[in-house]
Amino acid sequence: MTADALHTCRKHAKWLVETKKAHYLLVVKRNQPTLHAAVRALPWKQVTARRYDRGRGHGRRETRSVRALTVTSLGLDFPHATQAAKIVRHRACVKTGKVTRKTVYVITDLPSTTASPQLIAQLARSQWEIEAVHNVRDTTFTEDASKIRTGHGPANMATLRNFTISTLRTADHRSIAAGLRHLSYKPHTRPLDLIGLP
């Protein structure tokens, strides 16, 4: 299971491993200051297990480096943690040339024999994709402010929002907000045309 920093807590890690017999990869941010400081202070310069990836998309070039480190003998105080990873992302905007750098730390109970730096990178990317969809749902549809809270309402609305996002992306709308505005100019015909209904 992957999760953002909100779920990086001892109770969740114990429950996942001990009760559910599952594995975790959790993002470590400053909302856990002691853990974040401990992971950040690990001997990252000595790490030999590394992975580099380059990609291009969404108007930017991105380089990611992943360093993974076994932490079982390094005194990292987190339940079942066996590895930590430092992921550094360099992004360059194709249009402006502006470069940004972001460092993300993750911890996992998966040992190095099971989770290579490459697998850790793939798991972390899958979590970022989930967060990206949630970010669109919250910023464009104000999902977190929704008053629908009973029965199947929240799940049904989340399904409708996801359907709308994927339909707009399939129709090559890069911005979901701009796609919604485009549909709203002719609300009786454009949404039906988009999904292929007469």
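What this report covers is the structure whose coordinates are included nearby.

Conventions we followed
- Residues numbered from 1 in each chain as written.
- Predicted model: local features only at pLDDT ≥ 70, side-chain atom pairs only at ≥ 80, totals over all residues.
- Heavy atoms only, no water.
- Salt bridge = Lys/Arg side-chain N within 4 Å of Asp/Glu carboxyl O.
- Buried < 20%, exposed > 50% of the residue type's maximum accessible area, 1.4 Å probe, protein only.
- Helix = DSSP H or I, 4+ residues; strand = E, 2+ residues; numbered from the N terminus.
- Expected span 1.5 Å × (residues − 1).
- Pairing = 2+ DSSP bridges.
- Core = buried A, V, L, I, M, F, W, Y, C linked by side-chain atoms within 4.5 Å.
- Contact = heavy atoms within 4.5 Å.

## Considering the pattern of salt bridges
At step 1: Scanning the entire structure with this criterion turns up five salt bridges.
At step 2: Between Glu62 and Arg60 there is a salt bridge; the shortest N-O distance is 3.8 Å.
At step 3: Classification of Glu62 by relative accessible area gives buried; the value is 8%.
At step 4: Across the salt bridge formed by Glu62 and Arg91, the nearest N and O atoms sit 3.0 Å from each other. Taken together, the positions of Glu62 in strand β4 (residues 60-70) and Arg91 in strand β5 (residues 83-93) put the pair 29 residues apart, joining distant regions of the chain.
At step 5: Connected via shared salt-bridge partners are Arg60, Glu62, Arg64 and Arg91.

## Re helix α4 (residues 153-170)
At step 1: Look at α4: 26 Å from first C-alpha to last across 18 residues, which is about the 26 Å you get at 1.5 Å a residue.
At step 2: Within α4 the residues assigned to the buried category are Gly153, Ala158, Arg161, Ile165, Thr167 and Leu168.
At step 3: Once α4 ends, the next one or two residues include Asp172, with phi positive near 70°.

## Brief notes about the pairing of β5
Consecutive residues of a regular strand have side chains that alternate between opposite faces of the sheet.
At step 1: The element β5 is extensively covered by neighbouring structure, given that eight of its 11 residues are classed as buried.
At step 2: Alignment of β4 against β5, held across 11 bridges, turns out to be antiparallel. If you follow Arg67 over to β5, its bridge partner there is Lys86.
At step 3: Where β5 folds back on strand β6 (residues 99-108), the antiparallel hairpin that results is connected by five residues, among which Gly97 adopts a positive phi of roughly 80°.

## Section: the pairing of β4
At step 1: For strand β3 (residues 50-57) and β4, the ladder comprises eight bridges, and the chain directions are antiparallel. Paired with Tyr52 across the strands is Ser65, a residue of β4.
At step 2: In this structure, the hairpin formed by β3 and β4 is closed by a connection of two residues, where His58 is found at a positive phi of approximately 55°.

## A word on the nonpolar core
At step 1: Judged by nonpolar contacts, the single largest core of 19 residues is most densely connected at Tyr24, Val39, Trp44, Phe78 and Ile107.
At step 2: Secondary-structure elements contributing two or more residues to this core are α1 (10-19), β2 (25-28), α2 (33-40) and β6.
At step 3: Those residues in contact with Ile107, other than ones at most four positions away along the chain, are Thr8, Tyr24, Leu25, Leu26, Val28, Leu35, Val39, Leu76, Phe78, Gln83 and Ala84.
At step 4: Ranked by size, the runner-up nonpolar core spans 13 residues in total, among them Leu25, Ala68, Val104 and Ala121.

In short, shape yes, function no, at least from these values alone.
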